[in-house]
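# Architecture at a glance
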Amino acid sequence: MANEGTFPIADPGTDDLFFMLKQLLFFSICISDRMNKQRWVENPQMDTNVSTSSIITSSSSYNNNTAGVTASGDERLTTVNKTSINNNMLQQQISHDSNQTLDPHYQVENSTGFDLDTIITSYDGLMRINRLVYIADHCPSLKFDASCAALKYIQDTHFMTMYRTVHNSLNEMVQASKRQPTQQPPLTMPELDAQWLERTQRNYLHKLEKLDTDLRNFRTNSIKDSIRRGHDDLGDHYLDSGDYFNAVRCYVRSRDYCITPRHMVTMCINVIKASFYLQNWPNVITYVSKAEQAMENLEHSSGATKQSSMTATTATAMDTSPASTSSSTQDQILASKLKVYAGIAELSTKRYKLAARHFINVNFEHCQNNFHDLISPQTLIQYVCLCSLATFERHEIQRLILNSNIKQYLELEPNIRDIIQKFYDTNYSDCLKLMAQLQNLFYLDIYLAQHVKPLYYDIRHRIIVTYFLPYKNASMLIMAKQLNTTIDFLEDELVNLIRNGKIKARIDSKNKILYVADTDQRWYAYQHALNIAKQCEKTTKSLLLRSAILKANLVVRDETSISTHHHQQQLHHHQMSTNINNNNNDHSTNHDFPIQQSLRKSARNYEDDMSDDAAM
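Summarised in this report is the structure supplied together with it. Predicted model, so just to flag it, every value in this text is computed and none were measured.

Here we come to the overall build of the protein. The helix and strand tally for the protein stands at 25 helices and 3 strands. Taking all 616 residues of the protein together, the buried fraction comes to 35%. When contacts within the protein are restricted to residue pairs at least 6 apart in sequence, those whose partners lie at least 24 apart make up 64%. A total of about 38700 Å² of accessible surface is found on the protein, and carbon and sulfur atoms cover 54% of it.

In structure tokens, the structure reads:
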């Protein structure tokens, strides 16, 4: 019996308490599920499993504390939770597929088929060092060999910070191998060359001070060409030591002292090189366009010089012809190098079609002999293959690659040649197999690695669209077999393509068949005919109006042109009237001068007569 002055407390085993708890739990589940959906719409990539797990935890604690809940209620709650989890996983998978990014610390475990000696022999300078360091960072099986080779070639430069970084990474690798003994022979750690570091530091500071002093003297003497060369030498010194930012600053400062178009081309090339190592891609694209404009000006100036030198003797012309030939060859090599710089910059900014067009316009003969500090022919062919397959149509691939001069250079990479040929022959199964085999090799390229996933994603979607194009319905089982994938993954890809509007089709998930969306061809034909009729009517009216205007001798002019012409006429009339008035005044003064003289003479005679009369 309840005490007086207190509310009666119900028995915990009563049905009212259980009913209230069930209602409260049901409302909390609905509200939480609704909030999860709203939060996913605002940010689809957020992890919604946390809220789902909290719902499951609350339901489990409720089941443990209350023994009167029925089994049907538990099954209903479990079904709701499983449905929300599956939806969240599907949405996360779709968002993950659309956002093709690569972890910056990824590792390539299988390096079969990758030849490190090819990188060493195909490149030189800073490009060889950067590629070796990149391979060492992302391939554990090649890390030791790549790091040792990088240390060797770094000693040919003033890049001291890179030397210390690579040596420390190599030291950590050797220490880790000692802690984990294996059957392989132990790794021998190369010693830190302290004498080289001290000597290089001393030479770097001495040369920097000398170049700075020379530049100040050049500025004092105010000789533009010397100042320009001083900035270039200082920029080269910074570039050799890995200080790309100061190198760009020095090269850009030489722009104010460029006199000829050749100087402008040299300045642009230096800025492009330093910005390329700095990976400032907008700056690279900007100065590539400036360099091409400067080369056009150089061609115009050289053409004018040739025309002016046509009056020279034949012997003089024969003496200057080898120099002109060599300069034209250097200009062609320079134009090809600018195409490579622009292509890699466009590739890095994910404009793959522009990158493919730049790569195709490169002369491969120049690339094979003169681009060791930039790119190798094999790497260029890989870039051409992936960018063109991801963006070009089949007829463009045939015209620009298979039926062009590039085809003979495809023999340098037989696998790349087979991929392009099988893609064009619609042998998609073998094409995708070869691409899967080369994927790990592409991940070891410093400029291509971050774009392997998006390019593969676009190529695969283009293959699916092309495969389904001639059919009204297709079996997803056969498609999955041809595309080397599973049914579920293929269905997800088809859903994305349908949502993006790349395929107009419907999916029969039960029978695993893809149907073309029903379209009324007669309605489309009528609409097309009506559009053509409207265009013909508009064109006919315009022609009739024009003929009528010409027949009536009417001229329609712009108001601005009419006002300008009227103003010019007024100025002309005003000038003419001014000239006429000046001429009349001069003429009148010339005619009036004798009359005035006669009047003055007669007046003087009259005064003399009056003075004589007065004297009388």
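So, next bit.
Below, the discussion takes up the pairing of strand E2 (residues 505-508). The pairing of E2 with strand E3 (residues 513-516) spans 4 bridges and is classified as antiparallel. Each bridged residue has a counterpart across the sheet, and for aspartate 508 the counterpart in E3 is isoleucine 513.

Take unusual backbone geometry next. Unusually for a residue other than glycine, glutamine 279 sits at a positive phi of about 60°. Inspection of the secondary structure puts glutamine 279 in the loop between helix H11 (261-278) and helix H12 (281-308). Under the relative-accessibility criterion, glutamine 279 is labelled partly exposed at 42%. One non-glycine residue, lysine 512, adopts positive backbone phi at about 60°.

By the burial criterion, the buried members of helix H19 (residues 414-424) are Ile416, Ile419, Ile420, Phe423 and Tyr424. Taken end-on, H19 shows its buried residues confined to a sector of 125°, consistent with a single buried face. The inward-facing, buried residues of H19 abut helix H16 (377-391), helix H17 (394-402), helix H20 (428-442) and helix H21 (452-468).

Applying the stated criterion to the full structure yields 17 salt bridges. The partner of glutamate 292 in a salt bridge is lysine 339, and the shortest N-O contact between them spans 3.9 Å. You can see glutamate 292 sitting in helix H12 and its partner lysine 339 sitting in helix H13 (residues 314-348), a full 47 residues away along the chain. For lysine 339, a relative accessible area of 23% translates into the label partly exposed.

This paragraph deals with the pairing of E3. As a general feature of sheets, a regular strand has side chains that alternate between the two faces. Looking at chain direction, strand E1 (residues 473-475) and E3 are connected through 3 bridges and run antiparallel. Paired with asparagine 473 across the strands is tyrosine 515, a residue of E3. With antiparallel pairing between neighbouring strands as the criterion, E2 and E3 make up a hairpin whose turn holds 4 residues, including lysine 512 at a positive phi of roughly 60°.

Take glutamine 175: it is sitting in helix H7 (residues 160-179). Using a relative accessible area of 36% as the deciding quantity, one classes glutamine 175 as partly exposed. The spatial distance from the C-alpha of glutamine 175 to the C-alpha of leucine 187 is 9.3 Å, given a sequence separation of 12 residues.

Time to look at the packing of aromatic side chains. A complete count under the given rule lists 14 aromatic pairs for this structure. Between tyrosine 467 and tyrosine 471 the ring centres are 6.0 Å apart and the planes differ by 50°, which places this aromatic pair in the tilted class. Take tyrosine 471: its relative accessible area is 41%, and that puts it in the partly exposed class. Between the aromatic rings of tryptophan 523 and tyrosine 524, the centroid separation amounts to 5.2 Å while the plane-to-plane angle is 75°, which identifies the pairing as edge-to-face. Exposure remark for tryptophan 523: the relative accessible area of 46% places this residue in the partly exposed category. A residue is classified by how much of its surface remains accessible, and tyrosine 524, at 44% relative accessible area, is partly exposed. Put simply, the rings of Phe159, Tyr244, Phe276, Tyr277, Trp281, Tyr341 and Tyr447 touch in pairs and so form one group of aromatic residues. Residue placement shows arginine 128 over the ring face of tyrosine 153; its charged tip is 3.8 Å from the ring centre. Above the face of the tyrosine 424 ring, arginine 394 is positioned so that its terminal group lies 4.6 Å from the ring centre.

Before going further, it helps to examine the nonpolar core. Residues Phe276, Ile344 and Ile375 are the most contacted members of the largest nonpolar core, which totals 140 residues. The residue makeup of this core includes at least three contributed by each of domain 1 (116-178) and domain 2 (473-516). Not counting residues up to four positions away in its chain, the partners in contact with isoleucine 344 are Phe276, Trp281, Phe359, Ile375, Tyr383 and Tyr447.

This part covers the sheet that holds E2. Strand order in the open sheet made by the 3 strands is E1-E3-E2, with antiparallel pairing throughout. Each edge of the open sheet carries a strand with a single partner, namely E1 and E2. When the angles between neighbouring strand axes are averaged without regard to direction, this sheet yields 20°.

On to helix H10 (residues 244-253). Every buried residue belonging to H10 is among Tyr244, Ala247, Val248, Cys250 and Tyr251, and all of these are buried. One face of H10 carries all of its buried residues, which in axial projection span an arc of 165°.

Along the polypeptide, glutamate 396 turns up in helix H17. According to the relative accessible area criterion, glutamate 396 is buried, its value standing at 10%. Not counting chain neighbours up to four residues away, the residues in contact with glutamate 396 comprise Lys353, Arg357, Thr391 and Ile401.

Moving on: the packing of helix H6 (residues 143-154) against H7. Two elements in contact, H6 and H7, have axes separated by 10 Å at closest approach and are oriented at 150°. With respect to H7, the axis of H6 lies roughly antiparallel. Where H6 crosses over H7, the handedness of that crossing is left-handed. Here Lys143, Phe144, Ser147, Cys148, Leu151 and Ile154 of H6 lie close against H7, whose contacting residues are Met162, Tyr163, Val166, His167, Ser169, Leu170, Met173 and Val174. Looking at side-chain class alone, the contact of H6 with H7 contains 10 nonpolar, 3 polar and 1 charged residues.

Calculation criteria
- Residues numbered from 1 in each chain as written.
- Predicted model: local features only at pLDDT ≥ 70, side-chain atom pairs only at ≥ 80, totals over all residues.
- Heavy atoms only, no water.
- Helix = DSSP H or I, 4+ residues; strand = E, 2+ residues; numbered from the N terminus.
- Buried < 20%, exposed > 50% of the residue type's maximum accessible area, 1.4 Å probe, protein only.
- Contact = heavy atoms within 4.5 Å.
- Areas by Shrake-Rupley, 256 points an atom, 1.4 Å probe, with all protein chains shown as cover.
- Pairing = 2+ DSSP bridges.
- Arc of directions from axis to C-beta.
- Salt bridge = Lys/Arg side-chain N within 4 Å of Asp/Glu carboxyl O.
- Phe/Tyr/Trp six-rings, centres within 6.5 Å; stacked < 30°, edge-to-face > 60°.
- Lys NZ or Arg CZ within 6 Å of the ring centre and 35° of its normal.
- Core = buried A, V, L, I, M, F, W, Y, C linked by side-chain atoms within 4.5 Å.
- Domains from an automatic or database assignment.
- Axes fitted to C-alpha atoms, helices over the stretch in contact; angles between N-to-C directions.
- Parallel < 35°, antiparallel > 145°, perpendicular 65-115°, else oblique.
- Left-handed = near helix turned anticlockwise from the far one by under 90°.
- Nonpolar A, V, L, I, M, F, W, Y, C, P; charged D, E, K, R; others polar.

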